[in-house]
Amino acid sequence: PAALAAPLLRALGGMQTTQTALERLTGSPKLRHVLSYIWGTYGVPPSRSPFAFHLVLQNHYFNGAYYPVGGCAQLAARIVPTVLKAGGAVLVRAPVTSLVCDEAGAVRGVVVRGEHTLRAKRVVSAAGATTTFCHLVPPPQRHRLAPLLASIRDAPPVSPPASTETQVEPSLSFLYLFLG
C-alpha cells in the first residue's frame, strides 16, 4: 500500500497545505476562496488542511454527495446490530477513564467511569492523541511512550504546523466513513 500511496501523494502535491497549493495555482484571492469553500465541511482551514484530502473531498462533491435517510444518527443506529452480532458492545454516555494494559504494555480493554472494566481483543481510540496518550494510558505504562508524550505535552493548545516528524500537533478531529 505504501508503494502505491507515494506516487499518488506526489501527484496530489504531497503533504502541502490547501492554501499553499492554491497559491501556486492562482494569484486570484477570489478564485482561491471559491476553490477552498468546502473546508468548513471538514473543519480545518486551508492554511492547515492537507491538499490531498481537500481534493478527495472536493471530488466526492463534484460527483454528487449523499446524505443518510433519517440523518447521520442512522449510521450509528444501523451499525449497532453488526457490532452486537460480532460480540462487541455499544455504550452511550459512557466515558472511558483509562485503558487497561497487560504487563507487556498491550491494550486489553478500557475502564468506564472509573468503575467498570471492559476487556477487548482490540481497542480503537477516537479521543485524539493528547487524550489517549496523556490521560488514558495508565501511569505505569507511560514510560514506554516518553518521547511521544513529551512531544504532545509540549505542544501549545493552538500551534503552527509541527516542525518535525516527531511532534504531534493538536488539531480539530474529523471522520469520514464511506460504506458501500
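Note: the structure precedes this text.
Residues numbered from 1 in each chain as written. Predicted model: local features only at pLDDT ≥ 70, side-chain atom pairs only at ≥ 80, totals over all residues. Heavy atoms only, no water.

**Observations regarding the packing of helix α2 (residues 18–25) against helix α3 (residues 29–36)**
Between two packed helices, the angle of one axis relative to the other and the distance separating the axes together describe the packing. Interhelical geometry of α2 versus α3 gives an angle of 135° and a closest axis separation of 10 Å. Taken together, α2 and α3 sit at an angle that is classed as oblique. The two elements α2 and α3 cross, and the hand of that crossing is right-handed. Along its contact with α2, which presents Thr18, Leu22 and Glu23, the element α3 presents Arg32, Leu35 and Ser36. For the contact of α2 with α3, a count of residues per class yields 2 nonpolar, 2 polar and 2 charged. (Axes fitted to C-alpha atoms, helices over the stretch in contact; angles between N-to-C directions. Helix = DSSP H or I, 4+ residues; strand = E, 2+ residues; numbered from the N terminus. Parallel < 35°, antiparallel > 145°, perpendicular 65-115°, else oblique. Left-handed = near helix turned anticlockwise from the far one by under 90°. Contact = heavy atoms within 4.5 Å. Nonpolar A, V, L, I, M, F, W, Y, C, P; charged D, E, K, R; others polar.)

**Let's talk about the nonpolar core**
Nonpolar side chains in soluble globular proteins tend to be buried together. Core analysis: the largest hydrophobic core is formed by 5 residues, namely Leu99, Val110, Val112, Leu136 and Val137. Setting aside its immediate chain neighbours within four residues, valine 112 contacts Leu91, Ala94, Pro95, Val96, Thr97 and Leu118. (Core = buried A, V, L, I, M, F, W, Y, C linked by side-chain atoms within 4.5 Å. Buried < 20%, exposed > 50% of the residue type's maximum accessible area, 1.4 Å probe, protein only.)

**Re the pairing of strand β2 (residues 107–112)**
Pairing between strand β1 (residues 96–101) and β2: 5 bridges, direction antiparallel. Paired with serine 98 across the strands is valine 111, a residue of β2. What sits between β1 and β2 in their antiparallel hairpin is a turn of 5 residues, with glycine 105 showing a positive phi close to 95°. Of the pairings in the sheet, the one linking β2 to strand β3 (residues 116–119) comprises 4 bridges and is antiparallel in character. Counted as the bridge partner of valine 110 is leucine 118 from β3. Where β2 hands over to β3, the hairpin turn is made up of 3 residues, of which arginine 113 adopts a positive phi near 55°. (Pairing = 2+ DSSP bridges.)

**As for the side chain of aspartate 102**
Mapped onto the elements, aspartate 102 comes out in the loop between β1 and β2. On the accessibility criterion, aspartate 102 (18% relative accessible area) is buried. At a separation of 3.0 Å, a polar atom in the side chain of aspartate 102 contacts the main-chain amide nitrogen of alanine 104. (Polar contact = N/O pair within 3.5 Å; in protein donor to acceptor, adjacent residues only side chain to side chain.)

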